[in-house]
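# An overview of the molecular structure
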Amino acid sequence: METKKRSILKLDIAKSDNGIFISDLFKLLISTDQTGNQIKEILKTQFEQDEFIPIPGAQTLVNSQIVQNKNYIKKDLISNLENISFYLDNTFTINFNNINDRENFGGKTTLSTYPKYSAQRDFFGNLFSMDKYAKKLIDNGFKKIIEKNLELLKEEKIKDKKYRLIHYKPDNNYYLRAIVSTDNYFDYNNSIAVVIALLTLYKEIKFSGVAYSLKLCEYNESNIRMFFDTTGEKELEGIGYVRNIVEISNDEIKREALRFSGVCTISYDTRKQKNEIYIKPKDVKSKILTIKHNQKPTNGLKSLTDFENVDKVHNELYEDIKAIKNIKNTEQIKFLVRRKIDNAKNEDIRKFKASIMNELTATTTKNIIDLLNLFNNIQILANEDIEASEYLRYVIYEALINRK
C-alpha cells in the first residue's frame, strides 16, 4: 500500500481554480457513513448549494480527496480475539475469521490483513502491553511462539474491538490501519475535514473580509494538513516577513479529530532566491478550535464559532517570532535542534535521523539567514512523511523561540 505523503503546492494550483461551488464541495459527503450524512444535513440548512466559495485552490483540494477516496476504501470490522489468527504462509498478517458483515467485504468470511503504521504495535499493546515482546518474536521468525501466545490469550475472553481496515484498490489487498473505539466514536474523515475547513473559512470571509487561499496541503489516506494563506503579513526586521497561516489538520485515527491552528511562515532572501520556512508552537499556544472524535456532529459543528480568536493566536505568535532577530549565536540554536533530533523518541522522524544529523553537522551557520536556510533544508529531507514534517516545525519553533 502506498503510504508516502502527497502534497499540493501553491504552484501546482491552476490559475483557473479560484474557488468552488458548495454543490461541488458536498460531493465529498456522498456516503452511507452516518457521521457524513449527519454533517451534510446540518450544513445544508446553513448554506445554499449555489453559493461560491472564493478560496483559490479549493477545487484542486476537493479533487485530490475524490481521487484518494477511489483508491483507499476504509471499512470498520468488529471482531473478538477468538476469530483472529496470524500469518499468511510465512508473512505476518492479522487474519479475521467468521466475518459477520460479509456484504461489506465482498462476501468474504475470512480476511487476511497486513498491519501498517502503528497497527501491529497497537494490536499487541492492547493485549497486556506485549507489543515489544511480540515484535521481537515476529522479527526473529518465531512463528509458533507468537501463535501459541494468541491461543493462550483467547482463553481470557477479551472484549471485542473495532478494527479500521483499508482496502487498497491498486493491489486489491486489505491493510489493518488501527484499532478504533467501539463506542462514542464519530468518523470525522478527511473528506469531512475538507468540507468543514472550506465552509468555516468561507463564513470568516463573509464576516471579516479576510481573503484565504490554499498555500499547501499534505495528506495521506488517514491524515491531512491544509495550510491557508491569509492577507496578513508583518515585517521581521533585518530578516524578511512573517505571514499568518491557518492550518487545518485532521487525524482520522487518533489525536483530536479536526483541529484549526495558527501557524506562521518566515520568508527570507538568500543570495540565490527567496525562501520560506514554516514554524509552529505546541498545541496549546497554536490552538484555535478543535472537534474531537467523541463529539456528536451537532455539538462538534457548534465549536466552529470559536474561530473568532484566530487574530489573537497570530498576534501572540508574531510577538514571539520578533525575538529571533536578537539571536547572536546561531550555532547554539543549531545545537539545540541537533540534540532534539538525536534524542527524539518520535518514530516518524527516526527514519530521517541520519540524513538530518549529517546536514546539521556538515553545515556551519554565520547568521540568522544561514540558520533559517539550514532548517529549511532539513525540513525538505523529511518531506515525504506527514508526521515527520510536523514534528520538525515544532522542534524548530522550540529552538528559535524558546531556546530549548
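Use the structure listed above.
Residues numbered from 1 in each chain as written. Predicted model: local features only at pLDDT ≥ 70, side-chain atom pairs only at ≥ 80, totals over all residues. Heavy atoms only, no water.

### What about the overall build of the protein chain?
A count of helical and extended segments in the protein chain gives 15 helices and 15 strands. Scaling as 2.2 N^0.38, a compact globule of 404 residues should have a C-alpha radius of gyration of about 22 Å, and the protein chain matches this with 23 Å. Based on the C-alpha atoms only, the size of the protein chain along its principal axes is roughly 65 × 55 × 35 Å. The buried share of the protein chain, reckoned over its 404 residues, is 52%. Put simply, 67% of the contacts in the protein chain that link residues at least 6 apart link residues at least 24 apart. By element, 46% of the accessible surface of the protein chain is carried by carbon and sulfur atoms, the whole surface being about 19700 Å². Measuring between centres, the 64 positive side-chain charges of the protein chain sit 3 Å from its 56 negative side-chain charges. (Helix = DSSP H or I, 4+ residues; strand = E, 2+ residues; numbered from the N terminus. Rg over C-alpha atoms; globule rule 2.2 N^0.38 Å. Buried < 20%, exposed > 50% of the residue type's maximum accessible area, 1.4 Å probe, protein only. Contact = heavy atoms within 4.5 Å. Areas by Shrake-Rupley, 256 points an atom, 1.4 Å probe, with all protein chains shown as cover. Lys, Arg positive; Asp, Glu negative; His and termini not counted. Charge placed at Lys NZ, Arg CZ, Asp CG, Glu CD.)

### Considering the packing of helix α5 (residues 131–139) against helix α6 (residues 143–154)
For any two helices packed against each other, one specifies the crossing angle of their axes together with the interaxial distance. Interhelical geometry of α5 versus α6 gives an angle of 145 degrees and a closest axis separation of 8 Å. Residues Y133, A134, L137 and I138 of α5 form the contact with α6, whose participating residues are I145, I146 and N149. Taken together, the residues that form the contact of α5 with α6 break down as six nonpolar, one polar and no charged. (Axes fitted to C-alpha atoms, helices over the stretch in contact; angles between N-to-C directions. Nonpolar A, V, L, I, M, F, W, Y, C, P; charged D, E, K, R; others polar.)

### A short note on a nonpolar patch on the surface
A grouping of Y133, F142 and I145 is seen on the molecular surface, where their side chains present a nonpolar patch of about 280 Å² in accessible area. Taking the relative accessible area as the measure of exposure, I145 reaches 37% and is therefore partly exposed. (Patch = residues over 30% accessible without salt bridge, like charges linked within 9 Å, V, L, I, M, F, W, Y side chains within 5 Å. Salt bridge = Lys/Arg side-chain N within 4 Å of Asp/Glu carboxyl O.)

### Some words on the side chain of N376
Within the element layout of this structure, N376 appears in helix α14 (residues 368–381). Taking the relative accessible area as the measure of exposure, N376 reaches 11% and is therefore buried. A distance of 3.4 Å separates a polar atom in the side chain of N376 from a polar atom in the side chain of Y268. Setting aside chain neighbours within four positions, we find N376 in contact with Y268, N275, E276 and I277. (Polar contact = N/O pair within 3.5 Å; in protein donor to acceptor, adjacent residues only side chain to side chain.)

### Considering the packing of aromatic side chains
Summed over all chains, the structure comprises 15 aromatic pairs. Taking the centre distance of 5.8 Å and the plane angle of 80 degrees together, the rings of F260 and F307 count as edge-to-face. Of this pair, F260 sits in strand β13 (residues 258–269) while F307 sits in the loop between α9 (297–302) and α10 (310–321), and the two are 47 residues apart along the sequence. Comparing F260 with F307 shows no difference in burial state: the two are buried. By the ring-pair criterion, three or more aromatic residues cluster together here, those being F86, Y87, F92, F96, F123, F124 and Y163. In this structure, K75 is placed above the aromatic ring of F105, and the distance from its NZ or CZ to the ring centre is 5.5 Å. The lysine or arginine in question, R393, covers the ring of Y278, its NZ or CZ lying 5.5 Å from the ring centre. (Phe/Tyr/Trp six-rings, centres within 6.5 Å; stacked < 30°, edge-to-face > 60°. Lys NZ or Arg CZ within 6 Å of the ring centre and 35° of its normal.)

### Concerning helix α2 (residues 34–44)
Buried within α2 are the following residues: T35, G36, I39, I42 and L43. Down the axis of α2, the buried side of the element spans an arc of 130 degrees, and every buried residue falls inside it. Packed against the buried residues of α2 are α7 (190–208) and α9. (Arc of directions from axis to C-beta.)

### Section: unusual backbone geometry
Of note in this structure, D89 is not a glycine but carries a positive phi near 60 degrees. Looking at the secondary structure, you find D89 in the loop between β5 (84–88) and β6 (91–96). By relative accessible area, D89 is classed as exposed at 64%.

### Remarks on the nonpolar core
The biggest cluster of nonpolar side chains holds 50 residues, and the ones touching the most others in it are L25, L61, L198, M226, F228 and F260. A per-element tally of this core places α7 first, with 11 residues. For F228, the contacting residues outside a window of four places in its chain are I55, L61, L198, L201, Y212, S213, L214, K215, N244, I245, V246 and I248. In terms of nonpolar packing, the next biggest core, distinct from the first, is built from 40 residues, I239, V242, A399 and L400 among them. (Core = buried A, V, L, I, M, F, W, Y, C linked by side-chain atoms within 4.5 Å.)

### Here we look at the sheet that holds strand β8 (residues 161–168)
Strand order across the open sheet formed by six strands is β4-β8-β9-β7-β6-β5, with mixed pairing between neighbours. Both edges of this open sheet fall to β4 (72–79) and β5, since each of them pairs with a single strand only. When strand polarity is set aside, the average angle formed by the axes of neighbouring strands in this sheet is 40 degrees. In terms of strand pairing, β6 meets strand β7 (residues 111–115) through three bridges, oriented antiparallel. Along β7, the bridge assignment pairs I94 with T113. (Pairing = 2+ DSSP bridges.)

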